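Structure at a glance
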Amino acid sequence: MGKAFVLSFMYAIGYAQENPKYLFDDLYFADPSTRIFDDKIYIYPSHDIQTDVKDAANGAHFNMKDYHVLTLDNINEKAKDNGVALKLEDIPWAKQQLWAPDAVKKGNKYYLYFPAKDKDDLFKIGVAVSKSPTGPFKSEKNPITGTYSIDPTVLDDQGKYYIYFGGLKGGQLQNYRNNQYSENYPELQKDENALLPKIARLKDNMKELAEAPKDVLILDQNGNQLKSGDQHRRFFEGIWVHQYNNKYYLSYSTGETHKLVYAIGDNPYGPFTFKGEILTPVVGWTTHHSIVEVNKKWYLFYHDSKKSGGKSYLRSLKIRELKYDENGLIQTMNGQD
């Protein structure tokens with residue numbers, strides 16, 4: 001990584017920063033997936049808009065219609081919006097709701113993974129390709145076979161690529177068992193095992209799954225699977241995976257309790273053991289994030305709804321330094337800052 005860039009970036013967000021910084025003053029983006037390609041920071045968020053949708057059931061007021069790519073490369077400016085990279089009408093299979101995306105580079109191409117509802121109002125995961133990290137991206141004609149639900153993120157692990165996905169309630173994960181859809185599955189009782197995010201390895205073409213999606217097992221300190229009623233720890237949505245000190249960190253939102261939490265494992269598939277909170281609840285209902293390293297320092301990218309007066313569907317991006325203790329545990333941060 002270029003020294004000048006690192007110093008500029010560190011200066012821009014503040015050395016040993018304790019308090020968060022907004023990346024924009026007047027634009028609404030959320031769910032930031034942050035990647036570093038060729039020594040430059042790229043952010044792949046969802047794009048919040050004012051909506052006419054009145055019924056907020058299952059997140060219908062999160063009615064996003066396009067994706068933008070943001071960059072951070074100048075200490076004198078906030079994040080730069082590079083404009084529309086992919087829009088709803090250019091995705092042949094999609095009907096509505098372009099929710100949280102992610103991107104990865106392989107070779108000289110960039111792959112944007114995104115959820116959207118298809119013509120039957122079922123969330124699927126799609127992929128779009130570009131030769132530039134800022135797009136424009138060209139969508140495949142169909143979603144990735146075997147995918148469902150929301151919030152895809154991709155882990156590049158020594159040249160093997162794994163896609164994770166899943167989200168409850170509006171994300172429809174509760175309508176699947178063993179990768180099969182039904183509207184008739186009974187609601188889980190509080191003492192039943194919690195539903196889990198999914199993982200599958202991608203084929204070399206980055207457009208297909210190499211295997212059927214598997215559960216990502218999340219355990220408590222005693223080796224027991226977290227329960228459905230354990231809303232302070234169990235998975236809800238917003239998954240992210242990063243590596244630190246040869247361990248895999250699985251982080252996610254708890255949904256109704258509005259926390260960012262994490263678990264640690266020894267390989268991409270898990271199992272992962274729950275460790276604690278990353279961020280206490282923010283202003284606004286949702287929490288969705290990414291964690292990246294820049295020159296041996298780590299940063300949390302996330303959002304809240306302070307700037308929109310608490311409107312949960314109009315969110316603003318933030319960044320703050322993330323720190324580990326000597327045991328590799330993440331120090332909890334206050335989401336109200």
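Residues numbered from 1 in each chain as written. Predicted model: local features only at pLDDT ≥ 70, side-chain atom pairs only at ≥ 80, totals over all residues. Heavy atoms only, no water.

Moving on: the sheet that holds strand β20 (residues 260–265). One open sheet accounts for 5 strands, arranged β17-β21-β20-β19-β18; its pairing is mixed. Both edges of this open sheet fall to β17 (218–219) and β18 (237–244), since each of them pairs with a single strand only. Sheet topology note: the β17/strand β21 (residues 272–279) ladder contains 2 bridges and is parallel. Bridge pairing in β21 places Leu219 opposite Thr273. (Pairing = 2+ DSSP bridges. Helix = DSSP H or I, 4+ residues; strand = E, 2+ residues; numbered from the N terminus.)

Proteins that are soluble and globular tend to have nonpolar side chains buried together. In terms of nonpolar packing, the biggest core is built from 39 residues, with Tyr113, Ile163, Tyr164, Leu202, Ile218, Leu250 and Tyr252 touching the most fellow members. The leading source of residues in this core is strand β12 (residues 160–165), at 5 residues. For Tyr113, the contacting residues outside a window of four places in its chain are Pro101, Asp102, Val104, Gly126, Val127, Ile144, Pro152, Val154, Ile163, Leu202 and Met206. Counting 31 residues, the second-largest nonpolar core is a separate cluster that includes Leu70, Ala79, Ile264 and Met333. (Core = buried A, V, L, I, M, F, W, Y, C linked by side-chain atoms within 4.5 Å. Buried < 20%, exposed > 50% of the residue type's maximum accessible area, 1.4 Å probe, protein only. Contact = heavy atoms within 4.5 Å.)

Here we come to the pattern of salt bridges. Counted under the stated rule, the structure contains 22 salt bridges. Here Lys95 and Asp121 are joined by a salt bridge, their closest N and O atoms 3.1 Å apart. Here Lys95, found in strand β6 (residues 94–96), pairs with Asp121, found in the loop between β8 (109–118) and β9 (123–130); they are 26 residues apart in sequence, far enough to count as distant. Owing to a relative accessible area of 31%, Asp121 belongs among the partly exposed residues under this scheme. One salt bridge connects Asp204 with Lys106, and the closest N-O pair in it is separated by 4.0 Å. With Asp204 in the loop between β15 (198–201) and β16 (214–215) and Lys106 in strand β7 (residues 102–106), the pair connects residues that are 98 residues apart, well separated along the chain. One network of salt bridges, with partners in common, ties together Asp25, Lys78 and Lys307. (Salt bridge = Lys/Arg side-chain N within 4 Å of Asp/Glu carboxyl O.)

Before going further, it helps to spend a moment on the packing of aromatic side chains. Each aromatic ring pair is described using two quantities: the centre-to-centre distance and the angle formed by the ring planes. In the structure shown here, the tally under the stated rule is 19 aromatic pairs. Taken together, a centroid distance of 5.6 Å and an interplanar angle of 40° make the contact between Phe24 and Phe29 tilted. A centroid spacing of 5.2 Å and a plane angle of 85° characterise the contact between Tyr148 and Phe165, whose relative ring orientation is edge-to-face. A residue pair is termed long-range when its members are at least 10 positions apart, and Tyr148 in the loop between β10 (138–139) and β11 (153–157) and Phe165 in strand β12 qualify at 17 residues. (Phe/Tyr/Trp six-rings, centres within 6.5 Å; stacked < 30°, edge-to-face > 60°.)

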